[in-house]
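Chain by chain, the residues:
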Amino acid sequence: MRLTVLGGGGFRVPLVFRALLEDSGDESGRCTELVLYDTEPRRLEAIGAVLAQHAADAAASGARPPAVRTTTDLDDALRDTDFVFSAIRAGGLEGRSLDERAALTEGLLGQETVGAGGVLYGLRSVPAAMHIAERVAAVAPNAWVINFTNPAGMVTEAMQRLLGDRVIGICDSPVGMARRAARALGVDPERTELDYVGLNHLGWLRRILVDGEDRLPALLADSAALESFEEGKLFGAEWLQALGSLPNEYLHYYYFNREAIAALSNAPATRGEFLREQQAAFYAAAAADPGEAAAVWERTRKEREATYMAESRESTGGWQRDSCDLDGGGYDRVALALMRAIARNEHATLILNVPNRGTIPGLDADAVIEVPCRVDANGAHPIPTRPAAADQLGLMLTLKDVERTTIAAADTGSRGKALRAVALHPLVDSVNAANRILAARGI
Ligand code: G6P
Ligand code: MN
């Protein structure tokens, strides 16, 4: 089976490779060929060097690493492939940095996927994703596309128009939270059944069922257990008890918006600026000494994980991330579990980005939502669930309109639509500010 990674020179690709190496299944449904596509040969060389080291280590201990091929030709990468992981960053980390700064300059949240930054990023991601969707439809119409490209919900919805249910969006945040909550309860995460509802980076864990019993009320009643893990520390036990659910970490930017902005404004660099320097240093070091690429990658990865959402942690008491949250193993494992469930018809339940089709009343059928799905050889099917609460549905409706307006702006190049998308985002408090943010980004 062949897997193509678009954005194949990206920093997180070795995590996907590591997850592939752990698959000891038989040939059918196991990835035996990995094709890495990227627009920058330099990035492919660096990541290729890391993978070569990982493959050698794995082969030495009896694993069967997939054959790896790199290419800068998109059609060549896609032709005859079975699965496509799309993980691209249009505009690079430079674009991310400029988006974040443009919003912060206006005293607004400067973040990759939330607020004005998410709209600006969407305006670049959507056209790039549509080009990919067109090429997949033309040269690999039977392939399954697993979309990591952010903003993942918006991009998946845009690609759905061409690829239908053959594109499925993924994110590691919901499963990461569920794992942490299960650990705080002292239960094996594998034994839990999750009731999670939302859009990408905008969702709530409403029930954690263990043998049919909802254990979330017990967790909510125990402030110490609650504040022992990331979401409890970010939101505080009092607010989680008042909400009656566990919000996705990205909701910190909504519920504690002014604190988040203050922390981001005081930081010496935005996340994009920090990563731009960090990643440039990694790719330069890997080019200078390919034999050391894997070691430098591992150091760089640990630093990236350890500094994730640093400003939010700083503004809520300055705590460190838990060591189990630093291992990676988030999005790469979700992606591989999804691919395996489809390829081998192994039934799995995963939280994925799929069209609503009546799952959440109040959102229309085509709206891509993030909910638990049953996966089999026919793809991902959302599990019927209870309606969302009014505050949740209200936010989802507003954000869905922002996402769709961003897609329409990207499709048409309409500045009016772009203005509408930024200004109607609930975290943007002035049309004048929205106008200046767009102008600062040349729109
Ligand atoms: C989480 C989110 C991803 C996002 C990433 C950003 O994993 O779910 O959607 O891309 O964080 O991490 P970064 O290291 O780029 O700030
Ligand atoms: Mn995500």
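Scroll up a little and you will see the structure.
### Describing the overall build of the protein chain
The number of helices and strands found in the protein chain is 20 helices and 13 strands. In terms of overall size, the protein chain behaves like a compact globule, its C-alpha atoms giving a radius of gyration of 21 Å where 443 residues would be expected to give roughly 22 Å. With the C-alpha coordinates of the protein chain rotated into their principal frame, the extents come out at 55 × 50 × 40 Å. In the protein chain, which comprises 443 residues, the share counted as buried stands at 56%. In the protein chain, 71% of the contacts between residues at least 6 apart in sequence involve partners at least 24 apart. Side chains of the protein chain carry 46 positive and 60 negative charges; the gap between the two charge centres is 2 Å.

### Brief notes about the pattern of salt bridges
Under the definition given, this model contains 37 salt bridges. Here E157 ties to K400 by a salt bridge, and the two come within 2.7 Å at their closest N and O atoms. One end of the pair, E157, is in helix 6 (residues 152-163); the other, K400, is in helix 18 (residues 390-412), and 243 residues separate them in sequence. Look at E157 and you get buried, because its relative accessible area is 8%. Since its relative accessible area comes to 3%, K400 is described here as buried. A salt bridge links D211 to R191; the shortest N-O distance between them is 2.5 Å. Of this pair, D211 sits in the loop between strand 8 (202-210) and strand 9 (213-214) while R191 sits in the loop between helix 7 (173-185) and strand 7 (192-199), and the two are 20 residues apart along the sequence. Among the charged side chains, a network of salt bridges with common partners joins R180, R183, E230, E231, E249, E305, R321 and D325.

### Let's talk about the coordination of the manganese ion (ligand 2)
The coordination sphere of the manganese ion (ligand 2) contains the protein donors C171 (SG) and H201 (NE2), at a distance range of 2.2 to 2.4 Å. Here C171 is found in the loop between strand 6 (167-169) and helix 7, whereas its partner H201 is found in the loop between strand 7 and strand 8, with 30 residues between them in sequence.

### Some details on the packing of helix 4 (residues 92-105) against helix 5 (residues 116-139)
Helix-helix packing is described using two parameters, namely the angle between the two axes and the distance between the axes. One can describe the packing of helix 4 onto helix 5 by two numbers: an axis separation of 8 Å at closest approach and a directional angle of 145°. Along this stretch, helix 4 crosses helix 5, giving a crossing that reads as right-handed. Every residue of helix 5 that contacts helix 4 at G95, R96, D99 and A103 is listed here: A116, G117, L120, Y121 and R124. Considering only residue class, the contact of helix 4 with helix 5 consists of four nonpolar, two polar and three charged.

### Thoughts on unusual backbone geometry
Most peptide bonds take the trans configuration, and most residues that are not glycine carry a negative phi. The amide bond that connects N150 to the next residue, P151, takes the cis arrangement and shows omega of -10°. Mapped onto the elements of the fold, P151 is located in the loop between strand 5 (144-147) and helix 6. Phi angles above zero are rare outside glycine, and M309 is one such case at about 55°. Among the structural elements, M309 can be located in the loop between helix 15 (293-306) and helix 16 (310-315). Notably, N345 is not glycine yet its phi reads approximately 55°, a positive angle. Position of N345 among the secondary structure elements: in the loop between helix 17 (331-344) and strand 11 (348-355).

### Quick notes on the site of ligand 1
Near ligand 1 there are 13 residues, and of these R96, N150, D172, R271 and R304 occur at the shortest range. Contact distances for ligand 1 include 3.2 Å between an oxygen atom and a side-chain N or O atom of S173. Protein burial of ligand 1: of its 390 Å² of free accessible surface, 89% is covered by the chains. In terms of residue class, the shell around ligand 1 is made up of four nonpolar, three polar and six charged.

### Points about the nonpolar core
Of all hydrophobic cores here, the largest spans 126 residues; its most connected members are L3, F85, L219, L246, F282, M339 and L352. Setting aside residues up to four positions removed in sequence, F282 forms contacts with F11, A46, I47, V50, A293, V296, W297 and T300. Counting 20 residues, the second-largest nonpolar core is a separate cluster that includes V84, A133, V139 and V155.

### A look at helix 17
With 14 residues, helix 17 ought to run about 20 Å at 1.5 Å a step, and its terminal C-alpha atoms sit 20 Å apart, in line with that. Following helix 17 by one or two positions, N345 adopts a phi angle in the positive range, close to 55°.

### Details of the pairing of strand 3 (residues 67-71)
In regular strands, side chains alternate between the two faces of the sheet. The pairing of strand 2 (residues 33-37) with strand 3 spans five bridges and is parallel. Bridge pairing in strand 3 places V35 opposite R69. Handedness of the crossover joining strand 2 and strand 3 through helix 2 (residues 41-60): right-handed.

### Let's talk about the side chain of H201
On the basis of relative accessible area, H201 is assigned to the buried category, the value being 6%. Of the polar contacts made by the side chain of H201, one reaches the side chain of T113; its length is 2.9 Å. With near-sequence residues (within four places) excluded, H201 lies in contact with T113, N150, C171, S173, N248, Y250 and E370.

About the cut-offs
Within each chain, residue numbers correspond to sequence positions counted from 1 in written order. To read the labels, note that chains go from A and ligands from 1, taken in the order they are written. The predicted origin of the model limits local features to residues at a pLDDT of at least 70 and limits the giving and counting of side-chain atom pairs to 80 or more, whereas totals for whole chains, interfaces and linings rest on all residues. Each side-chain value is worked out from all heavy atoms of the structure, with water and hydrogens disregarded. Segments assigned H or I by DSSP are reported as helices when at least four residues long, segments assigned E as strands when at least two residues long, and all are numbered from the N terminus. Throughout, the radius of gyration refers to the C-alpha atoms, and the reference size of a globule is 2.2 Å times the residue count to the power 0.38. To sort residues, take the accessible area from a 1.4 Å probe on protein chains only and compare it with the maximum for the residue type: under 20% means buried, over 50% means exposed, and anything in between is partly exposed. We call two residues in contact when some of their heavy atoms are within 4.5 Å. The charge count treats Lys and Arg as positive and Asp and Glu as negative. His and the chain ends do not count. For the purpose of locating charges, the reference atoms are NZ of Lys, CZ of Arg, CG of Asp and CD of Glu. Basic side-chain nitrogens of Lys or Arg form a salt bridge, by our definition, when they fall within 4 Å of a carboxyl oxygen of Asp or Glu. The donor definition counts N, O and S atoms within 2.8 Å of each metal and applies 3.2 Å to Na, K and Ca; water is not among these atoms, so some sites may look incomplete. Each axis is a line fitted through C-alpha atoms, and for a helix only the stretch in contact is used; angles between axes span 0 to 180 degrees, taken between their N-to-C directions. Crossings are assigned a handedness: left-handed for a near helix turned anticlockwise from the far helix by less than a right angle, right-handed for a clockwise turn. Gly counts as polar in this scheme, as do all residues outside two lists: the nonpolar Ala, Val, Leu, Ile, Met, Phe, Trp, Tyr, Cys and Pro, and the charged Asp, Glu, Lys and Arg. We call a residue near a given molecule or strand whenever any one of its heavy atoms falls within 4 Å of it. Any pair of nitrogen or oxygen atoms within 3.5 Å is treated as a polar contact; in protein, a donor-acceptor pairing is required on top of that, and neighbouring residues in sequence qualify only through side-chain atoms on both sides. Note on areas: Shrake-Rupley, 1.4 Å probe, and residue coverage restricted to the protein chains presented here. In these notes, a set of buried Ala, Val, Leu, Ile, Met, Phe, Trp, Tyr and Cys residues joined through side-chain atoms within 4.5 Å is what counts as a nonpolar core. The span one expects for a helix is its residue count, reduced by one, times 1.5 Å. Here, strands pair whenever DSSP counts at least two bridges between them. Note on handedness: a crossover is taken as right-handed if, strands pointing away from the viewer, the path from the first strand over the helix to the second is clockwise.

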